[in-house]
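# Observations on the three-dimensional arrangement
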Amino acid sequence: MSVSTAAARANRGVDTVGRSPEELREIVSHWGAELELAPAETIIEWAAATFGERFAITSSMGDAVLAHLASKVVPGIDVVFLDTGYHFIETIGTRDAVEATMPVNLLTITPVQSVAEQDAEYGKDLYRTDPDLCCALRKVKPLADSLASYDAWATGLRRAETKNRVIAPVIGWDAKRQKVKVSPMARWSDEQVERYIEDNGVLVNPLVYDGYPSIGCAPCTRRVAPGEDPRSGRWAGTGKTECGIHA
């Protein structure tokens, strides 16, 4: 369902007042090193026990590994998906399949403006003329808004994906959003991900098997040739490597 996360949680009677930034930073300081070498399931279990319904995971639907992990540990967990309006149909299909087959509460978040409204205000195809602004409007701000009623969020971020993510902590402090940022799979290798998918029959976006190892918005994602960096297909030729969510 496409909803405001805050509104959905209010309707469910979820407490919208969480810990202060100081309290959250103290949790990170205490538990970060403690959980650095813990299994992904243990990290998710800790986060759910610590933050309760003020903990959610996000997924870009390249695969459903994190959603699968979390649903085993915390059935009914909130899974936040950002629908930018530019996704491949295969990505939307993967989202729909996750919602239909896993015990999760899938929340589809959309930007304030439709693509047409954005075109009218900023000019057609903002992703070409100013990709950073496009990402800010269609990804970064919607995510910040959707996380307003959570104290902690989990991502599928892995250090093996790109050199820019080498230092991604398992339990970190998201200073920009004043949240605890949890990366249960940070230490996982590509081989570990593949093995988990095979062993558990996890849903994978079909584009992964069609030359798209890293999947973003359709206009800004191309196929990757064998041997290329898996993320080289994102914003190819622009020098841009991240959308800003993990900056």
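For the structure, see preceding data.
Only a predicted model underlies this, so the values are computations on that prediction, with no experimental measurement involved.

### Re the nonpolar core
Among the nonpolar cores identified, the biggest contains 43 residues, and F51, F55, I57, V65 and I171 are the most heavily contacted of them. Counting residues per element, this core draws most heavily on helix 3 (residues 40–51), which supplies seven residues. Dropping the residues within four chain positions of it, F55 is found in contact with I44, A47, A48, I77, Y150, A152, W153, A154 and V182. The next biggest cluster of nonpolar side chains, apart from the first, holds nine residues, and it includes A56, V80, L143 and L147.

### Focus on helix 9 (residues 190–200)
Along helix 9, the residues classified as buried are V193, Y196 and I197. Buried residues of helix 9, viewed axially, fall in a sector of 100°; they line one side. Turned more than 90 degrees off the buried face of helix 9, the exposed positions are E191, E194, E198 and D199. Packed against the buried residues of helix 9 are helix 3 and helix 4 (65–73). Of the residues flanking the end of helix 9, it is G201, one or two places downstream, whose phi is positive at about 60°.

### A word on the environment of L137
Mapped onto the fold, L137 is located in helix 8 (residues 131–146). According to the relative accessible area criterion, L137 is partly exposed, its value standing at 23%. In the structure, L137 is positioned 19 residues away from Q118 in sequence and 8.9 Å away in space, judged by C-alpha atoms. Not counting residues within four places of it along the chain, the set of residues in contact with L137 comprises P111, Q118, Y122, L126 and P142.

### A word on the pairing of strand 2 (residues 77–82)
Judged by how many residues are buried, strand 2 sits mostly within the fold: six of six residues are covered. Where strand 1 (residues 55–58) and strand 2 come together, two bridges link them in parallel fashion. Paired with I57 across the strands is V79, a residue of strand 2. With helix 4 bridging strand 1 and the parallel strand 2, this β-α-β connection has right-handed handedness. As judged from the six bridges shared by strand 2 and strand 3 (residues 104–109), these two strands associate in the parallel manner. Considered in strand 3, the bridge of F81 is made with T108.

### Re the pattern of salt bridges
Summed over all chains, the structure comprises eleven salt bridges. Between D125 and R128 there is a salt bridge; the shortest N-O distance is 3.8 Å. Its relative accessible area of 61% is what places R128 among the exposed residues. A salt bridge links R158 to D190; the nearest nitrogen and oxygen atoms lie 3.0 Å apart. With R158 in the loop between strand 4 (152–154) and strand 5 (171–174) and D190 in helix 9, this pair connects stretches of sequence that are 32 residues apart. Taking the relative accessible area as the measure of exposure, R158 reaches 9% and is therefore buried. Linked through salt bridges whose partners overlap, the residues forming this network are D83, R95 and D96.

### A look at the sheet that holds strand 2
Within the open sheet, the six strands sit side by side as 3-2-1-4-6-5. Their pairing is mixed. For this open sheet the edge positions go to strand 3 and strand 5, each flanked by a neighbour on one side alone. Across the sheet, the mean angle from the axis of one strand to that of its neighbour is 30°, orientation sign disregarded. Where strand 1 and strand 4 come together, three bridges link them in parallel fashion. Each residue of the ladder has a partner; that of A56, found in strand 4, is W153. Contacts between helix 3 and the sheet are confined to strand 1, strand 4, strand 5 and strand 6 (179–182), with strand 1 contributing the most and set at about 140° to the helix. In the packing of helix 5 (residues 89–101) onto the sheet, contacts are made with strand 2 and strand 3, and the angle to strand 3 comes to roughly 150°.

What counts, and at which threshold
Residues numbered from 1 in each chain as written. Predicted model: local features only at pLDDT ≥ 70, side-chain atom pairs only at ≥ 80, totals over all residues. Heavy atoms only, no water. Core = buried A, V, L, I, M, F, W, Y, C linked by side-chain atoms within 4.5 Å. Buried < 20%, exposed > 50% of the residue type's maximum accessible area, 1.4 Å probe, protein only. Helix = DSSP H or I, 4+ residues; strand = E, 2+ residues; numbered from the N terminus. Contact = heavy atoms within 4.5 Å. Arc of directions from axis to C-beta. Pairing = 2+ DSSP bridges. Right-handed = clockwise from strand over helix to strand, strands pointing away. Salt bridge = Lys/Arg side-chain N within 4 Å of Asp/Glu carboxyl O. Axes fitted to C-alpha atoms, helices over the stretch in contact; angles between N-to-C directions.

Read these as geometric descriptors, not functional statements.
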